[in-house]
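Chain residues, written in single-letter form:
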Amino acid sequence: MTDTGSSSCVAVFGLGYVGCVTAACLASSGHKVIGVDPDRHKTDQIQQGRTPFYEPGLDEIVRATVQSGHLSAVNDAADALRSADIALICVGTPSERNGNLDLDQVRRVVRDIRSHLVAGSQLIVCVRSTVFPGTCEEIVIPELAAYPHVRVVSNPEFLREGCAVRDFMEPSLLVVGGPEATSVQRVASLYSSLDVEPCLVSLRAAEMIKYACNAFHAVKIAFANEIGALAGCLQVDGREVMETLCQDRKLNLSAAYLKPGFAFGGSCLPKDLRALSYRASRQDLKLPLLEAALPSNDEHLDRAVRAVLSLPGRVGVIGLAFKEDTDDLRESPVVRMLESLLGKGRDVRVYDPHIRLDSIYGSNRSYIMTAIPHIGRLLEPEIGTLLNWADNLVIAQKPSTELAGRIAASGRPTLDLVGSLPAALTPAAVSARL
Ligand SMILES: NC(=O)c1ccc[n+]([C@@H]2O[C@H](COP(=O)([O-])OP(=O)(O)OC[C@H]3O[C@@H](n4cnc5c(N)ncnc54)[C@H](O)[C@@H]3O)[C@@H](O)[C@H]2O)c1
């Protein structure tokens, strides 16, 4: 048993997979933990030093912590809340038939906790169940609003059944979010004996991160399976392909491409996705995930166009190539965006530090002069002229530090499609205003 030095008294509501593992592991870290569950079988089992379900390694921890007096289990919330500093909510949040989250257990447990509070009660109510962003603000905080010393924190659980104890003791991620720093720190300190740096975030971000992680894991599995299926049809060993893909830690297994920003384009990604889909269809192979990437990208571009169209007056766009530090215009999403703006009769000009009609040549020049001459005519060679002319700016490509400084100094309202300027408007913020 590890002693954290700063042990807390924790009431864990819900002794299912998450609650039972959390309760036992926190108890083994030296905290005093009382589990609460209306299910008598679960509480009786724990009181007898046994787990109510099979999970490798959990039995030993429950036995040891019950024996040492660090872990106990009750059916009545009052018994647990009498001495608790922190109430961890680990109740179930199953799916409704339409896919919506059933929050009945969360609502009931919060009401139960509230019914045992008195004026001046000091408690941190921490939601560990998976709940949609806004649940704490819209359901938990209003229910407890009459108790000003009761704080609400989100601390989602990332464990996987089958290796839940190891996942708890060696966490891949620790996320704690809330509106008030002291209670967030207090919840993070529950895990201070573990080798993990807590990510302290906002309340809604903490709730959302759990969904982002699970969606990412599901997309990774579906991606690997689709690549494997296509590889198999083409007499290629899919495992060899994916193992080699995973060797790339710069672009593949890394933070690259994992920041919300603008749509992708260029001469490779759209072309190669189209080729993969075409080749799969010739094999009568459906690859719904890979086939969804281009429509998803189109949808993202449409959202950006709607946000830009909502800007009043003259629009100055910064960036024309499909990304920074290139003059390649092939399949640039900015070209499509400008075509939409022109189609709506908007007064628009564009500046790109690497595209100057007088200096580019070859396929790029002929592309501008023949395929998109109407866009070529919008090019403004001097950034200063564009900044003076525009009523609103749109960043469609990551600017250099110097360019970002000039944009900020211009004082023009700026919509940032790529997410590179901290003070600028985001498309989501613009959509929220519409
Ligand atoms: N199981 C996993 O692998 C896993 C991993 C990470 C997160 N989660 C999330 O954690 C949450 C819990 O999952 P689980 O698998 O442990 O659920 P579970 O259904 O196994 O356990 C929920 C427990 O809550 C109890 N409960 C219901 N109402 C209660 C109340 N008012 N007071 C006290 N206890 C009450 C139930 O009796 C049950 O024992 C869910 O939101 C789930 O999505 C689960």
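Residues numbered from 1 in each chain as written. Predicted model: local features only at pLDDT ≥ 70, side-chain atom pairs only at ≥ 80, totals over all residues.

(A) Just the overall build of the chain, in detail. Scanning the chain from N- to C-terminus turns up 18 helices and 12 strands. Oriented by its inertia axes, the alpha-carbon framework of the chain measures out at about 80 × 60 × 40 Å. At a minimum sequence separation of 6, the contacts of the chain that also span at least 24 residues come to 67%. (Helix = DSSP H or I, 4+ residues; strand = E, 2+ residues; numbered from the N terminus. Contact = placed C-beta atoms within 7 Å.)

(B) The sheet that holds strand S12 (residues 414–416), seen in detail. Taken together, four strands build an open sheet; the order of strands is S10-S9-S11-S12 and the sheet is parallel. Edge strands, defined here as strands with exactly one partner in the open sheet, are strand S10 (348–351) and S12. Averaged over neighbouring strand pairs, the angle between their axes works out to 20 degrees when direction is ignored. Relative to S10, strand S9 (residues 315–318) is paired through four bridges, and the arrangement is parallel. Looking at the pairing, Val315 lines up with Val348 of S10. (Pairing = 2+ DSSP bridges. Axes fitted to C-alpha atoms, helices over the stretch in contact; angles between N-to-C directions.)

(C) How the structure looks around the site of the ligand. The ligand sits among 26 residues. The nearest are Gly14, Gly16, Val18, Gly92 and Ser129. Residue assignment for the shell around the ligand shows that the elements contributing at least two residues are helix H1 (17–28) and helix H5 (104–115). Ranked by residue count, the leading element in the shell around the ligand is H5, at four residues. Looking at the shell around the ligand, its residues break down into 10 nonpolar, eight polar and eight charged. (Near = placed C-beta within 6 Å. Nonpolar A, V, L, I, M, F, W, Y, C, P; charged D, E, K, R; others polar.)

(D) Layout of the pairing of strand S11 (residues 392–395). When S9 meets S11, the two strands line up parallel, connected through four bridges. Among the inter-strand pairings, Ile318 is bridged to a residue of S11, identified as Ile395. Both S11 and S12 contribute to a ladder of three bridges, which runs parallel. Bridge assignment links Leu393 to a residue of S12, and that residue is Thr414. As a crossover connection, the stretch from S11 through helix H17 (residues 401–410) into S12 is right-handed. (Right-handed = clockwise from strand over helix to strand, strands pointing away.)

(E) Spotlight on helix H12 (residues 288–309). For H12, which comprises 22 residues, the first-to-last C-alpha distance of 31 Å matches the rise-based estimate of 32 Å (1.5 Å per residue) to within 8%. Restricting attention to buried positions, one finds in H12 the residues Leu301, Ala304, Val305, Ala307 and Val308. (Expected span 1.5 Å × (residues − 1). Buried ≥ 20, exposed ≤ 12 C-beta atoms within 10 Å, placed from the backbone.)

(F) Summary view of the domain arrangement of the chain. On domain assignment, one finds that the chain holds domain 1 (9–203) and domain 2 (298–433). Once you take the C-alpha centre of each, domain 1 and domain 2 turn out to be 48 Å apart. (Domains from an automatic or database assignment.)

(G) Representation of the packing of H12 against helix H13 (residues 333–343) in the model. Relative orientation of the contacting elements H12 and H13 amounts to 45 degrees, with a least axis distance of 10 Å. One way to sum up the angle between H12 and H13 is to call them oblique. The element H12 and its partner H13 pack so that their crossing is right-handed. Between H12 and H13, the contacting residues are Leu301, Ala304, Val305, Val308 and Leu309 on the first element and Pro333, Arg336, Met337, Ser340 and Leu341 on the second. Among the residues making up the contact of H12 with H13, the classes are represented as eight nonpolar, one polar and one charged. (Parallel < 35°, antiparallel > 145°, perpendicular 65-115°, else oblique. Left-handed = near helix turned anticlockwise from the far one by under 90°.)

(H) Region of the structure containing the environment of Ser121. For Ser121, the location among the structural elements is in the loop between H5 and strand S5 (123–127). When the 16 C-beta atoms within 10 Å are taken as the criterion, Ser121 is described as partly exposed.

(I) Local environment of H5. The end-to-end C-alpha distance of H5 is 16 Å, a good match for the 16 Å that 12 residues give at a rise of 1.5 Å each. Buried within H5 are the following residues: Val106, Val109, Val110 and Ile113. Taken down its axis, H5 places every buried residue within 100 degrees of arc, on the same side. Turned more than 90 degrees off the buried face of H5, the exposed positions are Arg111 and Ser115. If you follow the buried residues of H5, they end up packed against strand S1 (9–13), helix H4 (77–81), strand S4 (86–89), S5 and helix H6 (135–143). (Arc of directions from axis to C-beta.)

(J) Just unusual backbone geometry, in detail. At Gln235, a position not held by glycine, the phi torsion is positive, near 55 degrees. In this fold, Gln235 is placed in the loop between helix H9 (203–233) and helix H10 (238–245). C-beta crowding within 10 Å serves as the criterion here: with 6 such atoms nearby, Gln235 is assigned to the exposed category. In this structure, Asp325 is a non-glycine residue whose phi angle is positive, near 60 degrees. Here Asp325 shows up in the loop between S9 and H13.

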